[in-house]
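Below are the chains, spelled out letter by letter.
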Amino acid sequence: MSVAPPLGKELASTDKKTRDDAVKGLAKFLRTTSNKPMSDLEMAKLWKGIFYCFWLSDKPLVQQELAASLADLLLTMTSSPASFHFLRGFWEAMVREWSGLDYLRIDKYYLLVRKFVNASFRLLIREKWSKSALEEYENILAGKGGPLYPEDRRIPSGLGYHLADIYNEELDKAMGTTETAPPVPLVPLTTPFFKLNALSPSPVTHKRLHGSLFDPLFKALLAHAMPSDSVPNYRSTTSGSALSRDGDGQRRKRARVEPPPPPLPSICTNACLQYDENEESEGDNDASAGPKPLTPKELREGLLKAMFEIASGEDTKEVSRKRMYRAWKEASEQAEDAHIDSNI
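Quantities reported herein were computed from a predicted structural model and do not represent experimental measurements.

Rules of the game
Residues numbered from 1 in each chain as written. Predicted model: local features only at pLDDT ≥ 70, side-chain atom pairs only at ≥ 80, totals over all residues. Heavy atoms only, no water. Phe/Tyr/Trp six-rings, centres within 6.5 Å; stacked < 30°, edge-to-face > 60°. Lys NZ or Arg CZ within 6 Å of the ring centre and 35° of its normal. Helix = DSSP H or I, 4+ residues; strand = E, 2+ residues; numbered from the N terminus. Expected span 1.5 Å × (residues − 1). Buried < 20%, exposed > 50% of the residue type's maximum accessible area, 1.4 Å probe, protein only. Contact = heavy atoms within 4.5 Å. Core = buried A, V, L, I, M, F, W, Y, C linked by side-chain atoms within 4.5 Å. Axes fitted to C-alpha atoms, helices over the stretch in contact; angles between N-to-C directions. Parallel < 35°, antiparallel > 145°, perpendicular 65-115°, else oblique. Left-handed = near helix turned anticlockwise from the far one by under 90°. Nonpolar A, V, L, I, M, F, W, Y, C, P; charged D, E, K, R; others polar. Salt bridge = Lys/Arg side-chain N within 4 Å of Asp/Glu carboxyl O.

Caption draft 1: Representation of the packing of aromatic side chains within the structure. Following the criterion strictly, the structure yields 18 aromatic pairs and no others. Aromatic ring contacts, followed pair by pair, group Trp47, Phe86, Phe90, Trp91 and Phe116 into a single cluster. Over the ring of phenylalanine 54 we find lysine 108; its NZ or CZ atom is 5.9 Å from the centre of that ring.

Rendered as structure tokens:
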């Protein structure tokens, strides 16, 4: 039997105290009833109230605190199906309401999406990147009604673009805040974007996904794969042994400036390619069992191979296929230029 949330009108109240009390009550409600399913209609009504609760928050600090509190509700629930049902309700609400946002409110909903993306990754970490959790997450994003669903032109493209903009960063943050996080399987997490790229004929979509998500990830993995002595030690075109003169004419050695660390360190140093069901079953009796982190070179090659296979698929639009092949070739040539041997 489903359980109806009693908080819809309170969440959308114009009185801030009433809304604050409703959010606290919502957290308690979800925590105590997470093993009792809500219907899809009840979840949609609940998220209607939550959406307008956030709509009415009008100060930056209030918005930040409320966005974090709402996203953390995903981890408040002890039942994984309940958490993913709540996450599905969030994305369906964003898709449904996004086109109605004006320029005065769009930034705070960008913030809300960012918080939920981060919390989603922490939820997947809690689930140890299990096959069932990854499949459910992919279905939420790329299935019917999701922000990356390629077959419905009514879905606002800006929502998917923003998701691509923040995806790498929030995944790296989530991995960095969990000391015991198992290796993140990169192929299942990037596949929805590869498929969207393959099935969308829009050059804008290809450019945005490649510029915001794929290219930064490939370059980060390449940077981590390069030998440390190949990174310049000076932010200058001058030789590292160059000397400068101070005001008294004394020759002094130029101060050493360490290069910035390669980006996305938590992803590039603790990731694998795929979930391995056999490794998980063996890990039931061995805490050390499970997927092992791969080298950045192996990760990069595996992701490029996954992109190439999707580009070669029968359903891929021809114009998208050519763009993806071109991007694959450029990324492969970057490894050759950096003198990183490739087995692709």
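So much for the structure itself; the text now carries on.
Caption draft 2: Highlighting helix H7 (residues 131-142). For H7, with 12 residues, the first-to-last C-alpha span of 16 Å sits near the 16 Å given by 1.5 Å per residue. Turning to H7, its buried residues number three or more, namely Ala133, Leu134, Tyr137, Ile140, Leu141 and Ala142.

Caption draft 3: Region of interest: the environment of valine 113. Locating valine 113 in the fold gives a position in helix H6 (residues 106-126). For valine 113, a relative accessible area of 0% translates into the label buried. Taking the C-alpha atoms as reference points, valine 113 and phenylalanine 90, 23 residues apart in sequence, are found 9.1 Å from one another. For valine 113, the residues in contact, after removing those within four places along its chain, are Phe90, Trp91, Met94, Trp98, Leu159, His162 and Ile166.

Caption draft 4: View of the nonpolar core. One finds Phe86, Trp91, Met94, Phe116 and Leu189 to be the most contacted residues of the largest nonpolar core, which totals 94 residues. Considering each element in turn, this core owes the most residues, 11 residues, to H6. Ignoring sequence-local partners within four residues, the contact set of methionine 94 consists of Phe51, Tyr109, Leu112, Val113 and Leu159.

Caption draft 5: Local environment of the packing of helix H5 (residues 80-97) against H6. The contact between H5 and H6 brings their axes to 12 Å, and the two run at 155 degrees. Classified by the interaxial angle, the pair formed by H5 and H6 is roughly antiparallel. As for how H5 packs across H6, the hand of that crossing is left-handed. On the side of H5, the interface is formed by Ser80, Ser83, Phe84, Phe86, Leu87, Phe90, Trp91 and Met94, while H6 contributes Tyr109, Leu112, Val113, Phe116, Val117, Ser120, Leu123, Leu124 and Arg126. The residue inventory of the contact of H5 with H6, partitioned by class, reads 13 nonpolar, 3 polar and 1 charged.

Caption draft 6: Layout of the pattern of salt bridges. Scanning the model with the defined rule gives 18 salt bridges in all. Arginine 114 is the salt-bridge partner of glutamate 169, the closest N and O atoms lying 3.3 Å from each other. Of this pair, glutamate 169 sits in helix H8 (residues 157-176) while arginine 114 sits in helix H6, and the two are 55 residues apart along the sequence. On the basis of relative accessible area, glutamate 169 is assigned to the partly exposed category, the value being 37%. Judged by relative accessible area, which is 24%, arginine 114 ranks as partly exposed. Members of the salt-bridge network, linked through shared partners, are Arg114, Glu169, Glu170 and Lys173.

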